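A structural walkthrough
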Amino acid sequence: MKKNVDGSLVRQTIGIPAGPMDIPPNKRPNCNYGSGCYRRNPIHLREYCHPHLEDLLQGQKSSSSLELPENYKPNVDKELILDQLNVLKRIYEKLAEKPPVKKSKLETASCNESAKSSEQSNASESSLKTKILPNVSSLEKANKFSNSSNSSSQLSRPDSARSDSASESSSARSETSNERAGTSSFSSQSDSRRFDNFRNVKQKCRDLKRKSMAEAEKSSKSPFSSDIPSRIAAAAPYFFFLTKVRAEPRTYHEPFSITFRELLDPGLGDLRASLQINFLVELPWVMHHYKHQGVDDKPLLILHGEDSDDLKKNNLPPNITAVRIKTPHPFGHHHTKMSLFHYEDGSVRVVVSTANLVASDWHNRTQGLWISPACPELPEEADTKAGDSPTEFKTDLLRYLCAYQIPELQEWVSIVRQADFSEIRVCFVGTVPGTHRGPDMDRWGHRRLAAHLKKHAVGVDPTWSVVAQCSSIGSLGTHPEAWMLDELRASMTLGKGTSMIQGLPPFKVIYPSKQNVYDSVDGALGGDCLPYSMHTHSKQTWFTSFLYQWKSDVRFRTKAVPHIKTYTRMSPCGSRLAWFHLSSANLSKAAWGMNKKTKTSGTGVFMMSYEAGVLFLPEILINKPVFSVGKSDDKTPPFPLPYDAPLTRYNPSDKPWVMEYLNEYMRSKK
């Protein structure tokens, strides 16, 4: 080998074609994850420069085994770093090269400057796409992976820098434009085109956030409790958690905060198989956490809404099956966020969430999760209808799973049927696309919520407000009574013995203002998960008068943009709740459903999306008429409300966040 004047390595006559590794580190584009990169993929490590890995590889004392310096503090797991170094080492060996020559200070500075420039300009477009490769154990496997990827013409750049084009094959579309699953409802095709216009801005936004995520991770190194089962048990009777916020260390010490990795904790059970139902899925990120917990080889079924090359059949290891769920309606999407875990003792655990399975959703956003206890396996002689709870949770969950009508789910339907859900004390509320008539009208969407409230909720005074808290808003109509103050409010006002003659309650909506977003830990970039558009808002300007700010000082999350969606009935002073609902459903007709009447088919409820949520009822959970918030009069724990009460109304100068503000911000950075 010899050096050019610019310090790069050039090949002599070794018979290997030029490739990405021929480009010196200071010339290759830097990975936007920086030292927080979790990719093990050899294609990614060939294509992008990772200065921290190059330096570690150069500093190895032995060529036979790789070790990390004693004082080295990585931003990711040490085991992951060693895996990456082994992959990088094998790449150099395959190319018949030694690890790169130690860079001079000038070259190192150039490489660092390249990283900064790359992040600020959102990186140059690349033609390569990465594929999932959980365990790189041989050079042959890496070669096979590379060849198959090239032959299928599905390679792209890493998740951190994927282009969000209008192509159906784009695998990293962010939820901003695609949260239409629960936001855009019955609007024109022009609305769809306007949402699509945000995609490129959204991807640039994601790229810029990578650096801040890596930096925030360094400041969030708070001690984790190793006893996850005890923490979940201590959350009784609600079992309601929020995700930890990397930029806010206090959330790491909260008893009701959790991470995705902790859901896979071995203490919760010896995992046999898992089912992930979601909208967006970053498979490399998911499998990084599965591998850390030693369960990356277990059967995994993924139902996803957004297309992803990582989830194509030819790119998956044998233990993973992925099925993309499409809806028959252009504004409907597979928007549910739910996990099922099956353990070796036959028990099942259900997690209902508001977070996509992507890194950004679990970093600096406010997300909500309900975690069930482990539901044991029923005796073999048990009746097929046994094991349900007073809330009919099992019946509703089975109905939801069966509505997919796909063979891949049959095994999971059997697993749920064989489980005892009698200890569950929340209601499952699902939405599936279609027009539901007859008895089915009360089995889905806001009508199902209403049925549970009418059966189990105590009627309260009409001064108690209905409070909707969401991350986006659909097309609601030209006036409030078109749907929001008609169908939706009517369903959410019901209770045992209630009558509309008593009066209708106020309706309030918590949605971040423009200033809320700009004051968040990610600034304007934090608004990329709030896909409300100016075009939609201009048709319903009346909506502003119903808005309240996002404020969560009591939970240390005022500056963590809320992607969580909740609905409740709150007393005027904000100290009591008649019920509480956590859901993937935003404030839209597509998510909740709307009444539809035709001359030929009669009355029905029309829905466009898949959604899932859980309803908390005080009569069932704590044997009381209402929940207390903040403080409780007795030993019953108060309900862990995710935001501050009483609510804070918008100031006269406040405006709701719309995606055009993010567009303006990105243009200002060019």
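An unreviewed UniProt entry lists the chain under the name PBZ-type domain-containing protein, with Gryllus longicercus as the source organism. Reading the Subcellular location (unreviewed entry) entry of the UniProt record for the chain gives the comment "Nucleus". Looking at the chain in UniProt, the text filed under Sequence similarities (unreviewed entry) is "Belongs to the tyrosyl-DNA phosphodiesterase family."

Bringing helix 10 (residues 283-292) into the picture now. With nine of ten residues buried, helix 10 lies mostly within the body of the structure. All of the buried residues along helix 10 are L283, P284, W285, V286, M287, H288, H289, Y290 and K291. Remark: G294 follows helix 10 within two positions and exhibits a positive phi of approximately 75°.

Moving on, we come to the packing of helix 13 (residues 445-456) against helix 14 (residues 484-493). In the contact formed by helix 13 and helix 14, the axes pass within 7 Å of each other and the chain directions differ by 25°. Between helix 13 and helix 14, the crossing angle belongs to the class labelled roughly parallel. The handedness of the crossing between helix 13 and helix 14 is left-handed. Across from H446, R447, L449, A450 and L453 in helix 13, the residues of helix 14 making contact are E487, L488, S491 and M492. Residues of the contact of helix 13 with helix 14, tallied by class, amount to five nonpolar, two polar and two charged.

The strand order 13-21-20 describes an open sheet built from three strands, whose pairing is antiparallel. A single partner strand is all that each edge strand has here, and the edge strands are strand 13 (434-436) and strand 20 (594-598). Averaged over all pairs of adjacent strands, the angle between their axes in this sheet comes to 40°, without regard to strand direction. In this structure, strand 13 lies alongside strand 21 (residues 602-607), joined through three bridges in antiparallel fashion. Note that in strand 21 the partner of T435 across the bridge is F606.

Taken together, the buried positions of helix 11 (residues 393-403) are occupied by F393, K394, D396, L397, L398, Y400 and L401. Positive phi appears at Q405, one or two residues downstream of helix 11, with a value of about 55°.

Strand order in the open sheet made by the eight strands is 4-3-11-9-8-5-6-7, with mixed pairing throughout. Here the strands that pair on one side only, and so sit at the sheet edges, are strand 4 (257-258) and strand 7 (320-324). One ladder, built from three bridges, connects strand 9 (residues 348-353) with strand 11 (residues 368-371); its direction is antiparallel. Across the sheet, the residue bridging to V352 is W370, located in strand 11. Helix 11 rests against strand 5 (271-278), strand 8 (338-343), strand 9 and strand 11 of the sheet, and its axis sits at about 105° to strand 8.

What follows is about the pairing of strand 18 (residues 566-570). Regular strands place their side chains on alternate faces of the sheet. Among the five residues of strand 18, five are classified as buried, and the element is accordingly described as predominantly covered. Side chains T566, T568 and M570 project from strand 18 onto one buried face, and the interleaved Y567 and R569 project onto a second face that is buried too. Looking at chain direction, strand 18 and strand 19 (residues 576-583) are connected through five bridges and run antiparallel. Within strand 19, the residue paired with R569 across the bridge is W579. Where strand 18 folds back onto strand 19 in an antiparallel hairpin, the turn is made up of five residues, including G574, whose phi is positive at roughly 80°.

What counts, and at which threshold
- Residues numbered from 1 in each chain as written.
- Predicted model: local features only at pLDDT ≥ 70, side-chain atom pairs only at ≥ 80, totals over all residues.
- Heavy atoms only, no water.
- UniProt positions renumbered as here; feature names shortened; annotations may be inferred.
- Buried < 20%, exposed > 50% of the residue type's maximum accessible area, 1.4 Å probe, protein only.
- Helix = DSSP H or I, 4+ residues; strand = E, 2+ residues; numbered from the N terminus.
- Axes fitted to C-alpha atoms, helices over the stretch in contact; angles between N-to-C directions.
- Parallel < 35°, antiparallel > 145°, perpendicular 65-115°, else oblique.
- Left-handed = near helix turned anticlockwise from the far one by under 90°.
- Contact = heavy atoms within 4.5 Å.
- Nonpolar A, V, L, I, M, F, W, Y, C, P; charged D, E, K, R; others polar.
- Pairing = 2+ DSSP bridges.

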